[in-house]
2 protein chains.
Amino acid sequence: MGTTQLQAAPEPKYWHLKTVLSEALDSEFAVGEILPNERDLAARFGVARATLRQALEQLELEGRLQRRRGVGTTVAPPRVGVAVAATGQDRPGAGSDAWQAVDCAPGAAPAPVAALLDSAPGAQVHVVRRTRVSHGQPVAAELLYVPGSSVPGLGDAEAPCGASRARAVLRELRRLGLDGEDRSVELGSARAEDAKELDRLPGAPVLVVTTRYLSRGATVAVSVATYRADTCRLTFGDTGGVEFDRSLHAQAS
Amino acid sequence: MGTTQLQAAPEPKYWHLKTVLSEALDSEFAVGEILPNERDLAARFGVARATLRQALEQLELEGRLQRRRGVGTTVAPPRVGVAVAATGQDRPGAGSDAWQAVDCAPGAAPAPVAALLDSAPGAQVHVVRRTRVSHGQPVAAELLYVPGSSVPGLGDAEAPCGASRARAVLRELRRLGLDGEDRSVELGSARAEDAKELDRLPGAPVLVVTTRYLSRGATVAVSVATYRADTCRLTFGDTGGVEFDRSLHAQAS
DNA sequence: GAGTGGTCTAGACCACGGC
DNA sequence: CCGTGGTCTAGACCACTCA
């Protein structure tokens, strides 16, 4: 019959495109360099813009590209290793990498958090907001839920509600003496609120780190931190080794 | 003028759709139930299929939906907590949750792995493939890179190359006595090869866990494990607590 | 205002699973 | 075989950034 279906490779175009672009990024582009715009690229490869965009989305997901509306598509630097370390409670940051208390408000813990806190779904807690900056870029936004019973040292009036109160809660928490932490990591998408702080669009992929802080066997606080998945590599230094932080994704010399 | 642009909310349609669908999933659908097909759903909401798909993709990314070509879209069960635990070296799995050695072949470590192994980019290593199954579902595929110098007990001929040889390498490795591990977690997309083992399409989002195993201060092996990001929540039990494994994402009673 | 990426449409065909 | 989700097209308009 006249069916000219000779191509035995049903590999999607966008997948092939992604491979080609990925190799081009390695060999022909420097970090920070801006690519041709999507319309030009699509024309150059002979595909529709939507198809090209599918390839770019994948590359952005893998942290190889960075796209900003009104600006363009740039080659992303290697992912930054951020330590999801020991107590994490506002410890003196190593240089330019630390948590910053933003504010503190009374509120109700969402159901999944309440479950971890062993409290009723609607129970009132202190909600501390913090932001983490690494190498000058925002990498994470955190909501820390602290039941009033964990920090009895504070009047639970709604009083100051600012960064200073946030620091006060953290101080009280530290004084409890934390024995350990349970952590989990999963993929999520940035809520509109987080997206703003992370300088991303809503729905951007994030790594959600949920931490349960323990003191004498009881859960005294729960933290939900969302890290930018495109720019971050979370590191867990079980041996205290810092060397791991470099060189992953580094080009072999 | 006749411009009837009264809507002050430029919230994308797919974002709104996602919210609506998400609420519907909570209230009107049971786990495993299949949704109407995409064409019907799109018509029902008065949007193009591409727009509806954008919403579905987000929900799938968040682990709320599961889509399979030729079958349909189903409501996903809550993410399964998988422990990325202590030595991890083929320890007797807790019930139905364990690593399974697949095979072992000689090969060259890719550049980033070679860097972690402190070896030349092209150096020959044993490449052990393992698969992890949890609750009957494949959740992770792993490539374990072991330099020949770490396991001198084996003749480095390409001999058996099967699951038995893989187990032999693991046994030798365990006999070294591992002091500790450095780990990192980042977002990636499944290579065609991994995708097959994980029962997903190539490019599917995965959590890439890179582990460096140490013995007496030296790196003796490097593992790159890719976990299905849609179905898995990685847990790190610093305190050995297992309770954390349940109840995240559980509906409050 | 020009140029960028982000959203959206209304089609089409293909690959796969199950009947 | 039919129905499903997956890929792809060729347009359009919008929101944003920056000169």
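You'll find the structure just up there.
Summary of the structure given here. Not measured: the values here are computed from a predicted model. Every chain is numbered independently, its residues counted from 1 as its sequence is written. Chain letters start at A and ligand numbers start at 1, both assigned in the order the entries are written. Selection of residues for local features in this predicted model requires a pLDDT of at least 70, selection of side-chain atom pairs for listing and counting requires 80 or more, and totals for whole chains, interfaces and linings are taken over all residues. With hydrogens and water set aside, each side-chain value is computed from the structure's full complement of heavy atoms.

**Let's talk about the overall build of chain A**
- Secondary structure elements follow DSSP: runs of H or I no shorter than four residues count as helices, runs of E no shorter than two count as strands, and numbering proceeds from the N terminus. For chain A, the helix and strand inventory stands at six helices and ten strands.
- Three exposure classes are used, based on accessible area relative to the maximum for each residue type with a 1.4 Å probe and protein chains only: buried under 20%, partly exposed in between, and exposed over 50%. Taken over 253 residues, chain A has a buried fraction of 47%.
- Restricting to contacts in chain A with at least 6 residues of sequence separation, those with at least 24 account for 63%.
- We get accessible surface area from the Shrake-Rupley algorithm with a probe of 1.4 Å; when it comes to residues, only the shown protein chains can shield them. Surface exposure of chain A reaches about 12500 Å², of which carbon and sulfur atoms provide 53%. Contact between two residues is taken to exist if any of their heavy atoms lie within 4.5 Å; hydrogens are not considered.

**Side note on the sheet that holds strand β7 (residues 180-189) of chain A**
- At least two bridges found by DSSP between two strands is the condition for calling them paired. Across the sheet, which stays open at both edges, the eight strands sit in the order β4(A)-β5(A)-β6(A)-β9(A)-β8(A)-β7(A)-β10(B)-β3(B) with mixed pairing between neighbours. Only two strands of the sheet have a single neighbouring strand rather than two, namely β4 (98-108) of chain A together with β3 (80-83) of chain B. Across this sheet, the average inter-strand angle for adjacent strands is 20°, counted without regard to direction.
- Here β3 of chain B pairs with strand β10 (residues 232-237) of chain B via four bridges, running parallel. Looking at β10 of chain B, one finds that valine 82 of chain B is bridged to leucine 234 of chain B. Between N-to-C directions, angles span 0 to 180 degrees; the directions come from axes that are lines fitted to C-alpha atoms, helices contributing only their stretch in contact.

**Concerning helix α1 (residues 13-28) of chain A**
- Over its 16 residues, α1 of chain A extends 21 Å from the first C-alpha to the last, a length consistent with the 22 Å expected when each residue adds 1.5 Å.
- All of the buried residues along α1 of chain A are Tyr14, Trp15, Leu17, Lys18, Leu21, Ser22, Ala24 and Leu25 of chain A.
- Buried positions along α1 of chain A lie against α2 (38-45), α3 (49-61), β1 (65-68) and β2 (72-75) of chain A together with β7 (180-189) and α6 (192-198) of chain B. In a helix, the anticipated span is given by 1.5 Å times the number of residues less one.

**Side note on the relation of the copies chain B and chain A**
- Copy-to-copy alignment: least squares on C-alpha atoms, limited to residues at pLDDT 70 or above in both. When chain B is fitted onto chain A, the two copies agree to an RMSD of 0.0 Å after a turn of 180° and an axial shift of 0.0 Å. Classification of the inter-copy transformation places it as that of a two-fold axis.
- Both copies contact each other with a shared surface, as 98% of the interface residues of chain B are interface residues in chain A too.

**Digging into the interface of chain B and chain A**
- If you look at the interface, chain B gives 46 residues, while chain A gives 45 residues.
- Roughly 3800 Å² is buried in total at the junction of chain B and chain A, and carbon and sulfur atoms are behind 61% of that figure.
- Any carboxyl oxygen of Asp or Glu within 4 Å of a side-chain nitrogen of Lys or Arg constitutes a salt bridge here. The interface formed by chain B and chain A holds two salt bridges in total.
- Pairs of N or O atoms within 3.5 Å make up the polar contacts considered here, provided that, within protein, one atom can donate a hydrogen while the other can accept it, and that residues adjacent in sequence are counted only when both atoms are side-chain atoms. Applying the counting rule to chain B against chain A returns 15 residue pairs in polar contact (both at pLDDT 80 or more).
- Contributing elements (two or more residues each) for the side of chain B that touches chain A: α1 (13-28), α3 (49-61), α4 (111-116), β7, β8 (205-215) and β10 of chain B.
- Top contributing element to the side of chain B that touches chain A by residue count: β7 of chain B, with nine residues.
- Three residue categories are used. Nonpolar comprises Ala, Val, Leu, Ile, Met, Phe, Trp, Tyr, Cys and Pro, charged comprises Asp, Glu, Lys and Arg, and polar comprises the others, including Gly. For the side of chain B that touches chain A, a count of residues per class yields 23 nonpolar, twelve polar and eleven charged. Take the accessible area each of two parts loses on contact, using a 1.4 Å probe, and add the two losses: that sum is the buried area.

**Comments concerning the protein's contact with DNA strand C**
- Taken together, 27 residues lie near DNA strand C, and Asn37, Arg49 and Arg53 of chain A together with Lys13 and Thr51 of chain B sit nearest.
- Of everything in DNA strand C that lies within 4 Å of the protein, sugar and phosphate atoms constitute 67%.
- Looking at the surface near DNA strand C, the elements that each hand over two or more residues are α2, α3, β1 and β2 of chain A together with α1 and α3 of chain B.
- Residue contributions to the surface near DNA strand C peak at four residues, all from α3 of chain B.
- Looking at the surface near DNA strand C residue by residue, the classes come out as nine nonpolar, seven polar and eleven charged. Any residue with a heavy atom positioned within 4 Å of a molecule or strand is treated as near that molecule or strand.

**Focus on the pairing of strand β1 (residues 65-68) of chain B**
Residues and elements named next belong to chain B.
- Burial along β1 is one-sided: Leu65 and Arg67 are buried, and none of Gln66 and Arg68, which face the opposite way, are.
- Pairing between β1 and strand β2 (residues 72-75): four bridges, direction antiparallel. When the sheet's bridge partners are listed, leucine 65 is paired in β2 with valine 75.
- Remark: three residues form the turn of the hairpin made by β1 and β2, two consecutive strands paired antiparallel; glycine 70 in that turn has positive phi of roughly 85°.

**Notes on the environment of arginine 39 of chain B**
Residues and elements named next belong to chain B.
- Relative to the helices and strands, arginine 39 is located in helix α2 (residues 38-45).
- Overall, the relative accessible area of 57% leaves arginine 39 in the exposed class.
- Arginine 39 sits ten residues away from arginine 49 along the chain, and the two C-alpha atoms are 6.1 Å apart.

**With respect to the protein's contact with DNA strand D**
- Every one of the 27 residues lining DNA strand D counts as a neighbour, but Lys13, Ala48 and Thr51 of chain A together with Asn37 and Arg49 of chain B are closest to it.
- Here DNA strand D approaches the protein such that, of its atoms within 4 Å, sugar and phosphate make up 66%.
- Contact between DNA strand D and arginine 69 of chain A: a sugar or linking oxygen at 3.4 Å from a side-chain N or O atom of the residue.
- Glycine 70 of chain B has a polar backbone atom sitting 3.1 Å from a base oxygen of DNA strand D.
- Residue assignment for the surface near DNA strand D shows that the elements contributing at least two residues are α1 and α3 of chain A together with α2, α3, β1 and β2 of chain B.
- With four residues, the single largest contributor to the surface near DNA strand D is α3 of chain A.
- When its residues are assigned to classes, the surface near DNA strand D shows nine nonpolar, seven polar and eleven charged.

**Examining the packing of aromatic side chains**
- Pairing of aromatic side chains requires ring centres within 6.5 Å, counting the rings of Phe and Tyr and the six-membered ring of Trp. Pairs whose planes differ by under 30 degrees are stacked, by over 60 edge-to-face, and all others tilted. All chains considered together, the criterion is met by three aromatic pairs over all chains.
- Between tryptophan 99 of chain A and tyrosine 227 of chain A, the ring centres sit 6.4 Å apart and the planes meet at 75°, which makes this aromatic pair edge-to-face. Within this pair, whereas tryptophan 99 of chain A is found in strand β4, its partner tyrosine 227 of chain A is found in strand β9 (residues 218-228), the two being separated by 128 residues in sequence. Considered together, tryptophan 99 of chain A and tyrosine 227 of chain A belong to a single accessibility category, that of buried residues.
- Ring centres of phenylalanine 236 of chain A and phenylalanine 236 of chain B lie 4.2 Å apart, and the angle between their planes is 10°; on these two criteria the pair is classed as stacked. Taken together, the residues phenylalanine 236 of chain A in strand β10 (residues 232-237) and phenylalanine 236 of chain B in strand β10 connect one chain to another.

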